[in-house]
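Take a look at the letters that make up each chain.
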Amino acid sequence: MPSQEAPAHRRPSPVRPRFWLETALGALSGLLFLLTLVWPQWIETLLGLDPDAGSGAAEWLVVALAAAVTAGCALGARTEWRRAHPAPVRAAR
């Protein structure tokens, strides 16, 4: 009787779609964080707006929010990964 287990290339991923969403959103917010640190004027250049009248406060707000979203998504993705890949149980001596 053949095995009912799917071949390795067809096996479903053990992580939920939430992991991939958090990973993608974390990567995107991480890029936004780095972009704003390296080139703070991207907001004015791309959107044609100067929301803080040149003070730089809007850029620092974007940096802070992007860093917080990146950290939150990284923590959420790590939690999802560990849920799908639990650590092996060690025998007591």
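Everything numeric here is computed off the predicted structure, so don't read it as measured data.

K.L.:
Break down the packing of aromatic side chains for me, citing the residues and quoting the values.
P.N.:
The way to describe two aromatic rings as a pair is by their centre distance and the angle between their planes. Under the definition given, this model contains two aromatic pairs. Relative to Trp 20, the ring of Phe 19 lies with its centre 4.8 Å away and its plane at 80 degrees, an arrangement referred to as edge-to-face. Relative accessible area serves as the criterion here: at 49%, Trp 20 is assigned to the partly exposed category. Taking 5.5 Å as the distance between ring centres and 40 degrees as the angle between the ring planes, the aromatic pair formed by Phe 19 and Trp 81 counts as tilted. Of the two residues, Phe 19 sits in helix α1 (residues 17-38) while Trp 81 sits in helix α3 (residues 57-84), which places them 62 residues apart along the sequence. Residue class for Phe 19 comes out buried when judged on its relative accessible area of 10%. Taken together, the aromatic side chains of Phe 19, Trp 20 and Trp 81 make up a single cluster linked through ring pairs.

K.L.:
So, the pattern of salt bridges: which residues are in play, and what are the values?
P.N.:
Evaluation of the coordinates by the stated rule reveals four salt bridges. The salt bridge partner of Glu 80 is Arg 18, with a shortest N-O separation of 3.9 Å. Of this pair, Glu 80 sits in helix α3 while Arg 18 sits in helix α1; the two residues are 62 residues apart in sequence, bridging distant segments of the chain. A residue is classified by how much of its surface remains accessible, and Arg 18, at 47% relative accessible area, is partly exposed. Ionic contacts of the salt-bridge type, sharing partners, join the residues Arg 16, Arg 18, Glu 22, Glu 80 and Arg 83 into one network.

K.L.:
Give a description of α1 that names residues and reports values.
P.N.:
An ideal rise of 1.5 Å per residue puts 32 Å on 22 residues; α1 measures up with 32 Å between its terminal C-alpha atoms. Those residues of α1 not exposed but buried are Phe 19, Glu 22, Gly 26, Ser 29, Gly 30 and Thr 36. On an axial view of α1, the arc spanned by its buried residues comes to 130 degrees, and they lie on one face. Opposite the buried face of α1, by more than 90 degrees, sit the exposed residues Pro 17, Leu 21, Leu 28, Leu 31 and Val 38. Buried residues in α1 make contact with α2 (42-47) and α3.

About the thresholds
- Residues numbered from 1 in each chain as written.
- Predicted model: local features only at pLDDT ≥ 70, side-chain atom pairs only at ≥ 80, totals over all residues.
- Heavy atoms only, no water.
- Phe/Tyr/Trp six-rings, centres within 6.5 Å; stacked < 30°, edge-to-face > 60°.
- Buried < 20%, exposed > 50% of the residue type's maximum accessible area, 1.4 Å probe, protein only.
- Helix = DSSP H or I, 4+ residues; strand = E, 2+ residues; numbered from the N terminus.
- Salt bridge = Lys/Arg side-chain N within 4 Å of Asp/Glu carboxyl O.
- Expected span 1.5 Å × (residues − 1).
- Arc of directions from axis to C-beta.
- Contact = heavy atoms within 4.5 Å.

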